[in-house]
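Architecture and fold: a report
If you want the building blocks of each chain, they are given just below.
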Amino acid sequence: MPSPTYTLAELRYREAKRRIFAKFVNESDRQKYSCEFHPCFTLKAPSAQMAKKLGALIGDFSIGVIQEGQFLKVFCETFKELKKAYVFLCNATEIKPVLLEAERQFLLQKGWSYFDGFVMENEPKKLNHFIFNECIDYDKAAILANLLSIMPEDAARLTNSDAATVFLENVLYASCEPLNNTINCTPPLVRAKFDAKLLAHAIIENNIGFETLNCDCCKPHSIEASNVLGSSFVVAKFMQNAFFFNSAIPCYANLFHRTHTNKQSREIRKREYSLHSFPVGPLFEGQIEAVPLVDALKLESEGWATIIKPDSLHWVCKEKGSALAESILTLLRKLQYAELMLQELEREMLAEKGLGAFLGENPKKAYLDEYVNIASSLLSNILYKLLDENSTFFRYELAAAIYSTAGKNPKVQNITVIPKTSRQ
């Protein structure tokens, strides 16, 4: 007889007890679970030597520190103590790690979410999908709690933009990356211009992430290396006079516009052709300029330029898995699963009731419809925040890598994410 399936319905951190308490439910039963838990925050220092100094700097707090090269994982007995150590570190340095509430830390470390399916063995064992439990009142907050590993009462207050922020905070936490306080003041990204699923697939297929770009372990020796990205720069000599081109990497086009003369000519051309980003140019015969590899290859094939030599290489790690790629893959799989469940349910409803199948209310169908809509919106907002130069999550290297690999359009079910290292 198969084990009954439970849903994670509640989870709380009790600071006085230093423990996590969880409640799992199904239609006829409830199970409780608890375990010891000490919260932490993670950070990446500029060097291993600096990481050691930072660990010593906060050594007066009641903590344990695990160092692995540039990476630090800082533990405290309670979340209150952890927050004191965090505030001290932020005030004493320019490093601003991501600090998450204790419940979210626990769920991310376990790979759990609210309303996931579990079987209760010696330890709760998560199934590979969420389940619909008729004893739970599903709403937008419950769906976001499942997608973001946050408490439903916290999810209820989120806007669509806030939800994407929470998702990317989770990614930064897993990547040991800080928030970015730099604002570029560029024109807002035109949201309708990009295909969120296409860009998401590019991230997964190419293992693009905050911690996997330009790593120390996989530095390529030549531009022909398999992990070299199209966002690498090469020196090109231009063969035509007074021409412009539209870059495959909009953030590079904006950078070119900010750092080169003839701004008015680019602004006029952008308006005349209703372009979503600035054109690159004007460029002249014999002019030599460093441009992204993905653009240079296209220009060379069309006779507009000749590649002379590499300028600066950008690459992706082949050893470590990207937390961003893994998180987006999980989101896409949940979205696909909900879509498949919805299709199956609609077939069953048609077979049972014919054309009148959709006249009445069906709570499960309403839930799945909402789940698909919310997950799709979340994905779009995540990509927007990664690519918008005024976002705290924007990194030029990351955005350029996404754009430069987006033409491959692989199928997500054929994608394998490199397993994450034991650092997290």
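Scope of this entry: the structure provided in the associated data block. (Residues numbered from 1 in each chain as written. Predicted model: local features only at pLDDT ≥ 70, side-chain atom pairs only at ≥ 80, totals over all residues. Heavy atoms only, no water.)

A closer look at the overall build of the protein chain
Stated formally: Only DSSP runs of H or I covering at least 4 residues are called helices, and only runs of E covering at least 2 are called strands; the numbering of each starts at the N terminus. In this treatment the radius of gyration is a C-alpha quantity, and the globule benchmark scales as 2.2 Å times the residue count to the 0.38 power. The rule is simple: take the accessible area with a 1.4 Å probe, protein chains only, and divide by the maximum for that residue type; under 20% is buried, over 50% is exposed, in between is partly exposed. Any two residues having at least one pair of non-hydrogen atoms within 4.5 Å are treated as being in contact. Residue burial considers only the protein chains on display, and all accessible areas are found by Shrake-Rupley using a 1.4 Å probe. Within this scheme the basic residues Lys and Arg register as positive and the acidic residues Asp and Glu register as negative, but His and the chain ends are omitted. Charged side chains are reduced to one point each, which is NZ for Lys, CZ for Arg, CG for Asp and CD for Glu.
Within the protein chain, the regular secondary structure consists of 13 helices and 13 strands. In terms of C-alpha radius of gyration, the protein chain reaches 24 Å, essentially the compact-globule figure of 22 Å for 424 residues. Taking the principal axes of its C-alpha atoms as reference, the protein chain extends roughly 75 × 70 × 35 Å. The buried share of the protein chain, taken over its 424 residues, is 50%. Residue pairs at least 24 apart in sequence account for 72% of intrachain contacts in the protein chain once pairs closer than 6 positions are excluded. About 20,800 Å² of surface is accessible on the protein chain, with carbon and sulfur atoms providing 50% of the total. Between the centroid of the 49 positive side chains of the protein chain and the centroid of its 49 negative side chains there is a distance of 3 Å.

Looking at the packing of aromatic side chains
How two aromatic rings sit relative to each other is given by the distance of their centres and the angle of their planes. Worth spelling out the cut-off: Only the six-membered ring of Trp is used, alongside the rings of Phe and Tyr, when aromatic pairs are assigned; centres must lie within 6.5 Å, and planes under 30 degrees apart are stacked while those over 60 apart are edge-to-face, with the rest tilted. Distance and angle both matter: a charge sits over a ring if NZ of Lys or CZ of Arg is within 6 Å of the ring centre and within 35 degrees of the ring normal.
Inspection of every chain in the model, using the stated rule, returns 17 aromatic pairs. With a centroid separation of 5.0 Å and an interplanar angle of 75 degrees, the aromatic rings of Trp-112 and Phe-118 are classed as edge-to-face. Assigned by exposure class, Trp-112 and Phe-118 land together as buried. Aromatic ring contacts, followed pair by pair, group Tyr-13, Phe-24, Tyr-33, Phe-37, Phe-106, Trp-112 and Phe-118 into a single cluster. Its guanidinium or amino end placed over the ring of Phe-278, Lys-270 lies 5.4 Å from that ring's centre, counting from NZ or CZ.

Details of the side chain of Thr-405
We count it as follows: Polar contacts, as counted here, are pairs of nitrogen or oxygen atoms within 3.5 Å of one another; within protein the pair requires one atom able to donate a hydrogen and one able to accept it, and residues that are adjacent in sequence qualify only if both atoms are side-chain atoms.
Inspection of the secondary structure assignment puts Thr-405 in helix 13 (residues 396–405). Using a relative accessible area of 5% as the deciding quantity, one classes Thr-405 as buried. A polar contact is formed between the side chain of Thr-405 and the backbone oxygen of Ile-402, at a distance of 3.3 Å. If we ignore the near neighbours within four places in the chain, the residues touching Thr-405 are Ala-202, Asn-206, Ile-208 and Leu-229.

What to know about empty space enclosed by the protein
Over the atoms a probe the size of a water molecule is rolled, and this reveals where empty space is left. Applicable threshold: Detection works on a 1 Å grid of protein atoms alone, calling trapped sets that fit a 1.4 Å probe cavities and calling open sets with protein on both sides within 12 Å along at least five of seven lines pockets, with lining residues defined by an atom within 4 Å of a point. Grid points are joined across faces, edges and corners, and a volume is the space filled by probe spheres set on the points. Note on residue categories: nonpolar means Ala, Val, Leu, Ile, Met, Phe, Trp, Tyr, Cys or Pro, charged means Asp, Glu, Lys or Arg, and polar means any other residue, Gly included.
For the coordinates displayed, the defined rule picks out two cavities of 30 Å³ or more. For the second largest cavity, the calculated volume is near 30 Å³. Contributing to the lining of the second largest cavity are Leu-144, Asn-160, Ala-163, Ile-374, Ser-377, Leu-378 and Asn-381. Elements with a contribution of two residues or more to the lining of the second largest cavity: helix 6 (160–175) and helix 12 (363–387). Class assignment of the residues belonging to the lining of the second largest cavity gives a composition of four nonpolar, three polar and no charged.

So, the sheet that holds strand 13 (residues 305–312)
Quick note on the threshold: Here a strand pair is declared whenever DSSP counts at least two bridges between the two strands. Working convention: axes come from line fits to C-alpha atoms, limited for helices to the stretch in contact. Angles between N-to-C directions cover 0 to 180 degrees.
Spatially, three strands are ordered 12-9-13 in an open sheet, and the strand pairing comes out antiparallel. Only two strands of the sheet have a single partner each, and these edge strands are strand 12 (288–292) and strand 13. Shown here is a sheet whose adjacent strand axes are inclined to one another by a mean of 35 degrees, direction ignored. Here strand 9 (residues 233–238) pairs with strand 13 via six bridges, running antiparallel. The partner of Val-235 across the bridge, within strand 13, is Lys-309.

Here's the deal with the environment of Ile-95
Structurally, Ile-95 is set in the loop between helix 2 (79–92) and helix 3 (102–110). The spatial distance from the C-alpha of Ile-95 to the C-alpha of Ser-265 is 40 Å, given a sequence separation of 170 residues. Discounting chain neighbours no more than four positions away, the residues touching Ile-95 are Pro-46, Leu-54, Leu-89 and Cys-90.

Points about the sheet that holds strand 1 (residues 5–14)
What the five strands build is an open sheet, ordered 3-2-1-7-8; its pairing is antiparallel. Only two strands of the sheet have a single neighbouring strand rather than two, namely strand 3 (30–36) and strand 8 (124–130). Going from strand to strand, the sheet's axes swing by 40 degrees on average, the running direction of each strand aside. As defined by bridge partners, strand 7 (residues 116–120) adjoins strand 8 across four bridges and the pair is classed as antiparallel. Note that in strand 8 the partner of Phe-118 across the bridge is Lys-126.

Details of the pattern of salt bridges
Worth spelling out the cut-off: Any Lys or Arg side-chain nitrogen found within 4 Å of a carboxyl oxygen on Asp or Glu counts as a salt bridge.
Scanning the entire structure with this criterion turns up 14 salt bridges. Here Asp-116 makes a salt bridge to Lys-126, at a shortest N to O gap of 3.3 Å. Taken together, the residues Asp-116 in strand 7 and Lys-126 in strand 8 connect sequence positions ten residues apart. By relative accessible area, Lys-126 is classed as partly exposed at 32%. If you follow the salt bridges from partner to partner, you end up with Glu-101, Arg-104 and Glu-169 in one network.

So, the packing of helix 6 against helix 12
Each pair of packed helices gets described by two things: the angle between the helix axes and the distance between those axes. Definition in use: An angle below 35 degrees is read as roughly parallel, one above 145 as roughly antiparallel, one from 65 to 115 as roughly perpendicular, and any other as oblique. In a left-handed crossing the near helix is turned counterclockwise from the far helix by less than a right angle, and in a right-handed crossing that turn is clockwise.
Their axes nearest at 8 Å, the elements helix 6 and helix 12 cross at an angle of 70 degrees. By the criterion of interaxial angle, the relationship of helix 6 to helix 12 is roughly perpendicular. Here the hand of the crossing between helix 6 and helix 12 comes out right-handed. Taken together, the residues of helix 12 that come into contact with helix 6 (itself represented by Asn-160, Ser-161, Ala-163, Ala-164, Thr-165, Phe-167 and Leu-168) are Ser-377, Leu-378, Asn-381, Ile-382, Lys-385 and Leu-386. When its residues are assigned to classes, the contact of helix 6 with helix 12 shows seven nonpolar, five polar and one charged.

Structural notes on the environment of Glu-15
Residue placement: Glu-15 occurs in the loop between strand 1 and strand 2 (19–25). Here Glu-15 falls in the partly exposed class, since its relative accessible area comes to 30%. Along the backbone, Glu-15 and Thr-78 are 63 residues apart, and their C-alpha atoms lie at a distance of 5.9 Å. Discounting chain neighbours no more than four positions away, the residues touching Glu-15 are Thr-78, Phe-79 and Lys-80. One polar contact links the side chain of Glu-15 to the main-chain amide nitrogen of Phe-79, over a distance of 2.9 Å.

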